[in-house]
Amino acid sequence: EIEAKYTKKMQALRDELDLRRKTEIHEVEERKNNHINELMRNHERAFSDMKNYYNDITLKNLELISLLKEQIEEMKKKENQLEKEKADLLLENKHLKEPLQQAQEQVAELQKKLAHYDKDKEALMNTRACLKVTKKDLKDLQWEHEVLEQRFSKVQAERDELYQKFTKAINEVQQKTGFKNLLLERKLKGLLGVLEKKEVELSEVFAASNLDPSALSLVSQKLEDVLNSKNATIKDLQLQLARVCKAHDDMLQTFEAKLTACGIPLDSLGFKPLASPTLGQ
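What counts as what
Residues numbered from 1 in each chain as written. Predicted model: local features only at pLDDT ≥ 70, side-chain atom pairs only at ≥ 80, totals over all residues. Heavy atoms only, no water. Helix = DSSP H or I, 4+ residues; strand = E, 2+ residues; numbered from the N terminus. Buried < 20%, exposed > 50% of the residue type's maximum accessible area, 1.4 Å probe, protein only. Areas by Shrake-Rupley, 256 points an atom, 1.4 Å probe, with all protein chains shown as cover. Phe/Tyr/Trp six-rings, centres within 6.5 Å; stacked < 30°, edge-to-face > 60°. Patch = residues over 30% accessible without salt bridge, like charges linked within 9 Å, V, L, I, M, F, W, Y side chains within 5 Å. Salt bridge = Lys/Arg side-chain N within 4 Å of Asp/Glu carboxyl O.

*Asks:* Can you lay out the overall build of the protein chain for me, pointing to particular residues and giving the numbers?
*Replies:* Per the secondary structure count, the protein chain includes two helices and zero strands. Within the protein chain, the proportion of its 281 residues that are buried is 9%. Carbon and sulfur atoms make up 58% of the accessible area of the protein chain, which amounts to about 24,600 Å² in all.

This is the structure in structure tokens:
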């Protein structure tokens, strides 16, 4: 029973495997046929394309051959025409030999002139180069001249402005120093006059009064103290006057140095300043 059972199973398995094998074989054959058909279609398409390509090439070659034949015909016509022109030119050349000889003689003469012309041309080129350099130098000099003119105008304006400022300053300083000198001189003259007057009065008092020597000595001592005080005041005033005069001289020297640096002559001031003002001037 077991043997019969497994024999039956084996037979069923064989039938199943045989059916599967037949199915797979059928599928493989069907794929193979499809592939063969696809290859045949591709080959037919490629063959058709190749046939069309070579047909186009053949047609183009035929057209090219026809065109070349036409060109050959035209070239033959041109060749015949050129032959005729050649004959005409040879005939004309025979007639032109004598003028050619004359022209050659003229060419020889012109070549001689050309040699001189080359020399003249070289000289002209050198002259033009020199002229170009000269023009460039002239342009540079004009530009430099324009710059210098601008600088000169600026310096001239600064000079005029400086001249006006220094003229105004010198006038103010002269007015101030003159006024101070006048005040100091008047003050000094007034003190000297008072001193002389006091001395006269004192001498008259001494002459009119009969003082004893000790009192006279005491009065004289006080008088000397007063005189020393006045003399010290006079010296202080003289020292102040000397300082003002020195400042005046220093200012004049500075002003003259500035005028010289700006190129302004000292005679163009229109007046002559006091170089060293002193008492009584």
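Following the structure, the description resumes.
*Asks:* Requested: an account of the packing of aromatic side chains, with residues and values cited.
*Replies:* Across all of its chains, the model carries one aromatic pair by this definition. Measuring from ring centre to ring centre gives 5.3 Å for Y53 and Y54, while their planes differ by 75°; the resulting arrangement is edge-to-face.

*Asks:* Tell me about a nonpolar patch on the surface, and name the residues and values.
*Replies:* Together, L64, L67, L68 and I72 give the surface a local cluster of nonpolar side chains, amounting to about 330 Å² of exposed area. Along the chain, L68 turns up in helix 1 (residues 2-208).

*Asks:* Please provide a residue-by-residue account of the pattern of salt bridges, values included.
*Replies:* The tally for this structure, following the rule as stated, stands at six salt bridges. As a salt-bridge pair, D140 and K136 come within 3.4 Å of each other at their nearest N and O atoms. Of the two residues, D140 and K136 both sit in helix 1, four residues apart, roughly one turn of that helix. When its relative accessible area of 36% is taken as the criterion, D140 is described as partly exposed. Linked by salt bridges that have partners in common, D18, R21 and K22 make up one network.

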